[in-house]
Amino acid sequence: MTTQRRTRNLALACLLAATATLAASGCSKSETADTSKGDATAGAQATQPADTSGKGCTLETYGAPKLDLKNAVVGFSQSEKEANPFRIAETQSIKDEAAKIGVKKLLTTNAQSQLPKQISDIQDMLAQGAEFLIVAPLNSDGLEPAFKAAAAKKVPVLTVDRKVNAEACKDYLSFLGSDFVEQGKRAADAMIEATGGKGQVAILLGASGNNVTTDRTKGFVDRVEEKAPDLKIVAQQTGEFARDKGQQVMEQLIQSKPGITGVYAENDEMGLGAITALKANGKKPGEDVKIVSVDGTRNAVQALAKGEMNAVIESNPRFGPLAFATAKKFYADESIPENVLITDREYDQDNAEKSLGGAY
């Protein structure tokens, strides 16, 4: 085993130890499993680290002052409208964990899917005395003015769910999130199984300008080309991670690509929009057209249980416990990896009903 591999494994072990207690009780009141439907043992799970990579960052190398979170002002910048269940669950998880550990004051903002607003939101929180920031970036580029403002005040920035094209341990502390390429690969595997590896597939792309869309597309396309050359990707069109847009795009594709037998939606909301469009055009989603999506929202898992979807790859939004555990570790002067990749589950038609309690 190389020195680099030993260091990486040690960092992961430390982070797992730091979050073990938090993860064990990661279901806050608002995230408790719905025991009226599904298996309570398959309930909501806090994010847990599965892998780490990149250089480590300490309090000294970042140049930030020592901080006790219980006496601190922490800011959370949400990127998108909270009409999306992922965003609702993510924000609630941050709020719940801040309350649980006794953070003095939590500031929360929502950029409403507008990059200039997210920049001003972060700058406003800094003006209100934020000493540590958790940011869900709208795009991978464009937040430089906000990060510079934070750096000028020596305020660390922890990014979650989307990566930024910036320098770790300088412009931001670390990234916590899923392996989006792997999500795309798993979605492709599910689509290949559902279609028998043959037919025509359309991709409902997420919003442009962020690594989630790029990576989920790459993982899917590469895997299909590798494992199922007879499964042709005949269309790639953005649905902007929105249900209404996904429905609109699907309606267009039904007319322009009538031979489509599969749809890969890069989030559940677009997948649910595709279901509506297919039904309106006399097609049976899940049968006439196979649907695989990414997220793990309750509505999508319910559609899966009804046979209207064929697989849902989870993208876990419950970052609260891991984010604050990472902050605690940082302020204890332990090294924080550049990337902390989390575990994600997978829902299929065999486990959907019993796992519904864990969906968000």
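Residues numbered from 1 in each chain as written. Predicted model: local features only at pLDDT ≥ 70, side-chain atom pairs only at ≥ 80, totals over all residues. Heavy atoms only, no water.

## Some words on the state of the cysteines
Within the structure shown, the criterion is met by one disulfide. Paired by a disulfide, Cys57 and Cys169 hold their sulfur atoms 2.0 Å apart. Between Cys57 and Cys169, the S-S torsion sits near 75°, and that sign places the bridge as right-handed. Here Cys57, found in strand β1 (residues 49-57), pairs with Cys169, found in the loop between β5 (157-160) and β6 (174-177); they are 112 residues apart in sequence, far enough to count as distant. Cys57 gets classed as buried once you look at its relative accessible area, which sits at 2%. Overall, Cys169 belongs to the buried group, its relative accessible area being 12%. (Disulfide = S-S within 2.5 Å. Helix = DSSP H or I, 4+ residues; strand = E, 2+ residues; numbered from the N terminus. Buried < 20%, exposed > 50% of the residue type's maximum accessible area, 1.4 Å probe, protein only.)

## Some words on the side chain of Thr159
The residue Thr159 is located in strand β5 in this model. A residue is classified by how much of its surface remains accessible, and Thr159, at 0% relative accessible area, is buried. A distance of 3.0 Å separates a polar side-chain atom of Thr159 from the backbone oxygen of Ser174. When near neighbours in sequence (up to four residues on either side) are disregarded, Thr159 contacts Val135, Pro137, Phe147, Val164, Tyr172, Ser174, Phe175 and Leu176. (Polar contact = N/O pair within 3.5 Å; in protein donor to acceptor, adjacent residues only side chain to side chain. Contact = heavy atoms within 4.5 Å.)

## Observations regarding the nonpolar core
With 87 residues, the main nonpolar core has Phe132, Leu133, Ile134, Met309 and Phe324 as its most contacted residues. Once you skip the residues sitting within four places of it in the chain, Phe132 turns out to touch Leu67, Val73, Val74, Gly75, Val155, Pro156, Leu158, Leu173, Ala327 and Tyr331. Counting 18 residues, the second-largest nonpolar core is a separate cluster that includes Ala187, Ala188, Val224 and Tyr264. (Core = buried A, V, L, I, M, F, W, Y, C linked by side-chain atoms within 4.5 Å.)

## Points about the packing of aromatic side chains
In the structure shown here, the tally under the stated rule is six aromatic pairs. Aromatic pair Tyr62 and Phe330: ring centres 5.9 Å apart, planes at 85°, arrangement edge-to-face. Here Phe330 lies in helix α11 (residues 320-331) and Tyr62 lies in helix α2 (residues 59-62), a separation of 268 residues in the sequence. Each member of the pair, Tyr62 as well as Phe330, is classed as buried. With 5.8 Å between their ring centres and 65° between their planes, Phe132 and Tyr331 make a pair best called edge-to-face. Taken as a pair, Phe132 in strand β4 (residues 132-135) and Tyr331 in helix α11 lie far apart in primary sequence, 199 residues in all. Look at Tyr331 and you get buried, because its relative accessible area is 5%. Three or more aromatic residues link up through ring pairs in this structure, and these residues are Tyr62, Phe132, Phe330 and Tyr331. (Phe/Tyr/Trp six-rings, centres within 6.5 Å; stacked < 30°, edge-to-face > 60°.)

## Points about the sheet that holds strand β13 (residues 346-348)
If you walk across this open sheet you meet the six strands as β8-β7-β9-β10-β11-β13, and the pairing is mixed. Looking along the sheet, the strands with just one partner apiece sit at the ends: β8 (231-238) and β13. The sheet shows a mean angle of 15° between the axes of neighbouring strands, direction not considered. Note: strand β7 (residues 199-205) against β8, seven bridges, orientation parallel. (Pairing = 2+ DSSP bridges. Axes fitted to C-alpha atoms, helices over the stretch in contact; angles between N-to-C directions.)

## Re the packing of helix α4 (residues 115-127) against helix α5 (residues 144-152)
Packing of α4 against α5 leaves a shortest axis separation of 8 Å and a crossing angle of 15°. For the element pair α4 / α5, the angle class is roughly parallel. Judged by the twist between their axes, the crossing of α4 over α5 is left-handed. Contacts between α4 and α5 involve Ile119, Ile122, Gln123 and Leu126 on the former and, on the latter, Pro145, Ala146, Ala149 and Ala150. Tallied by class, residues from the contact of α4 with α5 come to seven nonpolar, one polar and no charged. (Parallel < 35°, antiparallel > 145°, perpendicular 65-115°, else oblique. Left-handed = near helix turned anticlockwise from the far one by under 90°. Nonpolar A, V, L, I, M, F, W, Y, C, P; charged D, E, K, R; others polar.)

## Observations regarding unusual backbone geometry
Located in the positive-phi region is Lys154, a residue other than glycine, with phi close to 60°. On the secondary structure map, Lys154 appears in the loop between α5 and β5. Even without glycine at this site, Asp333 takes up a positive phi of about 65°. Considering the arrangement of structural elements, one finds Asp333 in the loop between α11 and β12 (336-342).

## Some thoughts on helix α8 (residues 243-256)
A turn of α-helix holds 3.6 residues, and therefore any two residues three or four places apart point the same way. The terminal C-alpha atoms of α8 lie 20 Å apart, and with 14 residues this matches the ideal 20 Å at 1.5 Å per residue to within 8%. Of all the residues in α8, the buried ones are Gly246, Val249, Met250, Leu253 and Ile254. Burial along α8 is one-sided: seen end-on, the buried residues are contained in an arc of 145°. Opposite the buried face of α8, at more than 90 degrees from it, the exposed residues are Asp244 and Gln255. (Expected span 1.5 Å × (residues − 1). Arc of directions from axis to C-beta.)

## Some thoughts on the pairing of strand β9 (residues 262-265)
Side chains Gly262 and Tyr264 of β9 all project onto a buried face; the interleaved residues Val263 and Ala265 project onto the opposite face, where all are buried too. Pairing geometry for β7 and β9, over four bridges, is parallel. Paired with Ile203 across the bridge in β9 is Tyr264. For the handedness criterion, the β-α-β arrangement of β9, helix α9 (residues 268-280) and strand β10 (residues 290-295) is classed as right-handed. (Right-handed = clockwise from strand over helix to strand, strands pointing away.)

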